[in-house]
Amino acid sequence: MKKVVLILAVLILASGMLRAQDGHEYAPIQEKTVNYKNWTLGDLANSKPTSLRSLMQGKKLVMVLYFAPWCPNWRNEAPVAGRLYDKYKAQGFEIIGVGEYGTRDDVRAYFGPSGAPYPVVMESESRDDREKTAHFGYRQLTGDTRKWGSPWNIFLDPAKCNSTGDVLTEKAFVVNGELIEAEADKFIHDRLAANAVITSCKQ
């Protein structure tokens, strides 16, 4: 019995070390019930209303990446997301950034004069809005106990999403923290290989 308790303690400690390693908040890709809904949010560049369904058109795999522009963990993940996007975008992979808890100007300043390499929309611009956002609700459903939840990632398979109604998918793979690059690379590679033919959302 003591051995079992010791093993469990080591596993819990190792998990905590993984999340907090060198100031990072790494988290694994896990399938969760999330009841993720379609949204229409203002585009970063021009505030034009943009729907998630429209951004997913013609894609094989989409990662929606929620981030706060001032968050150090987001800044850790941003280069990883950029590398994955560059590697797989020609194969039907899309990243959609959702800005949270910082102004449009803050987000624009982060990406610089050349702008974001993938579409970015804004859900909130104030830290006071934290508990009012859909982002906050999804994190509660998936067990993310961090205060701000930046970054938070959800992978969507457009071919398996509902083409009508509010809810796109009941279950999805999420990351309650920073991506583990090798794991994410394999996940994206395998999903793209499985979705060799681009199809629209299911009827």
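Reading the values: the criteria
Residues numbered from 1 in each chain as written. Predicted model: local features only at pLDDT ≥ 70, side-chain atom pairs only at ≥ 80, totals over all residues. Heavy atoms only, no water. Helix = DSSP H or I, 4+ residues; strand = E, 2+ residues; numbered from the N terminus. Buried < 20%, exposed > 50% of the residue type's maximum accessible area, 1.4 Å probe, protein only. Contact = heavy atoms within 4.5 Å. Areas by Shrake-Rupley, 256 points an atom, 1.4 Å probe, with all protein chains shown as cover. Core = buried A, V, L, I, M, F, W, Y, C linked by side-chain atoms within 4.5 Å. Pairing = 2+ DSSP bridges. Axes fitted to C-alpha atoms, helices over the stretch in contact; angles between N-to-C directions. Salt bridge = Lys/Arg side-chain N within 4 Å of Asp/Glu carboxyl O.

**Student:** With reference to specific residues and values, describe the overall build of the protein chain.
**Tutor:** Per the secondary structure count, the protein chain includes six helices and eight strands. Secondary structure elements in the protein chain, listed N-terminal to C-terminal, are α-β-β-β-α-β-α-β-α-β-α-β-β-α. Counting only residues that meet the buried cut, the protein chain has 46% of its 203 residues in that class. Partitioning the contacts of the protein chain with sequence separation of at least 6, the portion at a separation of at least 24 is 74%. For the protein chain, the exposed surface amounts to about 10500 Å²; the carbon and sulfur share of it is 55%.

**Student:** Tell me about the nonpolar core, residues and numbers included.
**Tutor:** Within the largest apolar cluster, 33 residues are counted, with the highest numbers of intra-cluster contacts made by Phe93, Phe155 and Ile188. Elements with a contribution of two residues or more to this core: β4 (61-67), α3 (72-88), β5 (93-99), α4 (104-111), β6 (120-122) and α6 (181-194). In terms of residue count, α3 provides more of this core than any other element does, seven residues in total. Sequence-distant contacts of Ile188, defined by excluding residues within four places in its chain, comprise Leu61, Leu84, Tyr88, Phe93 and Phe155.

**Student:** Got a sec to walk through the environment of Lys37? Specific residues and values, please.
**Tutor:** In this fold, Lys37 is placed in strand β1 (residues 30-37). Along the sequence, Lys37 and Asn162 sit 125 residues apart, while their C-alpha atoms lie 9.8 Å from each other. When residues no more than four places from it in sequence are discounted, the contact partners of Lys37 are Leu52, Tyr138, Asp166, Val167 and Leu168.

**Student:** Which residues make up the sheet that holds β6, and what values do they have?
**Tutor:** With mixed pairing, eight strands are arranged side by side in an open sheet as β1-β8-β7-β4-β5-β6-β2-β3. Each end of this open sheet is capped by a strand with a single partner; those strands are β1 and β3 (49-51). Going across the sheet, the axis of each strand differs from the next one's by a mean of 40°, ignoring polarity. Both β4 and β5 contribute to a ladder of seven bridges, which runs parallel. When the sheet's bridge partners are listed, Leu65 is paired in β5 with Gly97. Against the sheet, α3 contacts β4, β5 and β7 (152-156), and its axis sits at roughly 155° relative to β5. The sheet strands contacting α4 are β2 (40-43), β4 and β6, and the helix crosses β6 at an angle near 160°.

**Student:** I'd love a proper account of the pattern of salt bridges, names of residues and values included.
**Tutor:** All told, the structure shown has twelve salt bridges when counted by the stated rule. As a salt-bridge pair, Asp185 and Lys87 come within 2.9 Å of each other at their nearest N and O atoms. In this pair, Asp185 is assigned in helix α6 and Lys87 in helix α3, connecting sequence segments 98 residues apart. The class of Asp185 is buried, set by a relative accessible area of 19%. For Lys87, a relative accessible area of 47% translates into the label partly exposed. A single salt-bridge network, built from bridges that share partners, covers Glu25, Arg139, Asp144 and Arg146.

**Student:** Could you give me a rundown of the pairing of β4, with the residues and numbers involved?
**Tutor:** Most of β4 is tucked away, with seven of its seven residues classed as buried. Neither face of β4 is left uncovered, since the one carrying Leu61, Met63, Leu65 and Phe67 and the one carrying Val62, Val64 and Tyr66 both have all their residues buried. Bridge analysis of β4 against β7 gives five bridges, and the strand direction is antiparallel. Each residue of the ladder has a partner; that of Val62, found in β7, is Leu156.

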